[in-house]
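Architecture and fold: a report
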Amino acid sequence: MDGEQPLLFTPLVRQPGVEIPDWLFGPAGKAGLPGGLHPTQGVNIAVGIDIIEVDRVRKVFEKHGERFLKRVFTEQEVLQCRNKPARLAGRFAAKEAISKALGTGLRGVKWREMEVVQLRSGRPTVRLHGTAMLRAQQLGLSAFDVSIADLAHLSIAIAVGVQADIAPFARQTNQQTEEES
């Protein structure tokens, strides 16, 4: 470790082939890093995780009721959660995790643009709409997965976006650019 340059990996927060914004690395930008960045290759993933106290969601739901539900959840999510605070908290955590995997946090996407619905098997699945869908397309994400765990007092969720084959995405972007010219 003495005298060795560390191996730094490039975070997946941009389109393939686009430079990483300097602001991502703090006030000094890339110049403040202890070594060069290792470019991503092959399959890349974007991960987000969140944990929330069920009681916090319960209190907001009790205070704001329908207003809270309509602001944060889609109709399908509300139906599937059946007004159970632990299930609402799990969906809430999943949406936070998805926004982190998209690299925007909740400042870049709206709650209802990220939809977490259960398949018949009970497994949660992700549907993206609006700005969230555009952000996933910008990153070249071809798949999204989410897992939720509900306990008596806590709900936790992890979201994983996959950027598997960037070549078709790069070709599509190049074709769009050529067509616009």
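Predicted, not measured: the structure shown is a model, and the values here were computed from it.

**As for the nonpolar core**
Counting residues in hydrophobic clusters, the biggest one holds 33 residues, and the most contacted among them are Phe 68, Ile 98, Leu 102, Leu 128 and Phe 144. Put simply, the parts of the chain that give this core at least two residues each are β3 (44–53), α1 (54–72), α3 (85–101), β4 (114–118), β5 (124–128), α4 (130–139), β6 (143–150) and β7 (154–163). Each residue touching Leu 102, except ones within four places of it in the same chain, is listed here: Val 109, Ala 132, Arg 135, Ala 136, Leu 139, Leu 141 and Phe 144.

**A look at the pattern of salt bridges**
A complete count under the given rule lists 5 salt bridges for this structure. A salt bridge links Lys 95 to Glu 77, with the shortest nitrogen-to-oxygen separation between them at 2.9 Å. Residue Lys 95 is found in helix α3, and its partner Glu 77 is found in helix α2 (residues 75–81); the two are separated by 18 residues along the sequence. For Asp 145, the salt bridge is made with Arg 123, and the minimal N-O distance between the two is 2.8 Å. Here Asp 145 is found in strand β6, whereas its partner Arg 123 is found in the loop between β4 and β5, with 22 residues between them in sequence. Asp 145 sits in the partly exposed class, given a relative accessible area of 34%. Judged by relative accessible area, which is 46%, Arg 123 ranks as partly exposed.

**Concerning the packing of aromatic side chains**
Inspection of the entire model under this criterion finds 2 aromatic pairs. Here Phe 68 and Phe 73 contribute two aromatic rings whose centre-to-centre distance is 5.7 Å and whose plane-to-plane angle is 85°, an arrangement assigned as edge-to-face. Pairing Phe 92 with Trp 111 gives two aromatic rings, centres 4.5 Å apart and planes at 35°, and the pair type is tilted. Pair noted here: Phe 92 is in helix α3 and Trp 111 is in the loop between α3 and β4, with a separation of 19 residues, a long-range link. You can call Phe 92 buried: its relative accessible area is 11%.

**Quick word on the confidence of the model for the protein**
When the pLDDT values of the protein are averaged, the result is 84; 77% of them are 70 or greater. Mean pLDDT across the elements of the protein bottoms out in helix α5 (residues 166–180) (52) and peaks in α1 (97).

**Observations regarding α3**
Given a rise of 1.5 Å per residue, 17 residues ought to cover 24 Å, and the 24 Å separating the end C-alpha atoms of α3 matches this to within 8%. Judged by how many residues are buried, α3 sits mostly within the fold: 14 of 17 residues are covered.

**A few points about the sheet that holds β7**
Across the sheet, 3 strands lie side by side as β3-β7-β6; this open sheet has antiparallel pairing. Edge positions in the sheet fall to β3 and β6, since each of these pairs with one other strand and no more. Taken pair by pair, the neighbouring strands of this sheet meet at an average axis angle of 10°, ignoring direction. In terms of strand pairing, β6 meets β7 through 8 bridges, oriented antiparallel. Residue pairing in the sheet places Ile 148 in a bridge with Ala 157 of β7. Here α3 sits on the sheet and contacts β3, β6 and β7; the angle it forms with β3, its principal contact strand, is near 145°.

**A closer look at the side chain of Asp 50**
Note that Asp 50 resides in strand β3. Within polar-contact distance, the side chain of Asp 50 engages the side chain of Lys 100 at 3.0 Å. Those residues in contact with Asp 50 that sit more than four places away from it in its chain are Ala 93, Glu 96, Ala 97, Lys 100, Ser 155, Ile 156 and Ala 157.

**Points about the pairing of β5**
What you see with β5 is a clean split: Pro 124, Val 126 and Leu 128 sit on the buried side and Thr 125 and Arg 127 on the side with no burial. Looking at chain direction, β4 and β5 are connected through 5 bridges and run antiparallel. Pairing of Gln 118 across the sheet is with Pro 124, part of β5. In this structure, the hairpin formed by β4 and β5 is closed by a connection of 5 residues, where Gly 122 is found at a positive phi of approximately 100°.

Cut-offs and rules
- Numbering of residues starts from 1 in every chain and runs along the sequence as written.
- pLDDT decides what is reported in this predicted model: residues at 70 or higher carry local features, side-chain atom pairs at 80 or more are listed and counted, and totals for whole chains, interfaces and linings draw on all residues regardless.
- Note that the side-chain values use all heavy atoms of the structure and ignore hydrogens as well as water.
- What makes a nonpolar core is a set of buried Ala, Val, Leu, Ile, Met, Phe, Trp, Tyr and Cys residues whose side-chain atoms join them at distances within 4.5 Å.
- Relative accessibility thresholds used throughout: buried, under 20% of the residue-type maximum; exposed, over 50%; partly exposed, between the two (1.4 Å probe, protein chains only).
- Here a strand is any run of E in DSSP of at least two residues, a helix any run of H or I of at least four, and the numbering for each starts at the N terminus.
- We call two residues in contact whenever any of their non-hydrogen atoms come within 4.5 Å of each other.
- A pair is scored as a salt bridge if a Lys or Arg side-chain nitrogen falls within 4 Å of a carboxyl oxygen belonging to Asp or Glu.
- Any two of the Phe, Tyr and Trp rings considered here, Trp counted by its six-membered ring, make a pair once their centres fall within 6.5 Å; the pair's planes then place it as stacked at under 30 degrees, edge-to-face at over 60, or tilted in between.
- pLDDT is defined as a per-residue confidence score from the predictor, taking values between 0 and 100.
- How far a helix is expected to stretch is found by multiplying one less than its residue total by 1.5 Å.
- In this description, strands pair whenever DSSP reports at least two bridges between them.
- Note on geometry: axes are lines fitted to C-alpha atoms, helical ones only across the stretch in contact, with angles between N-to-C directions running from 0 to 180 degrees.
- Under this definition, polar contacts are N or O atom pairs within 3.5 Å; protein pairs additionally need one hydrogen-donor-capable and one acceptor-capable atom, and for neighbouring residues in sequence, both atoms have to be side-chain atoms.

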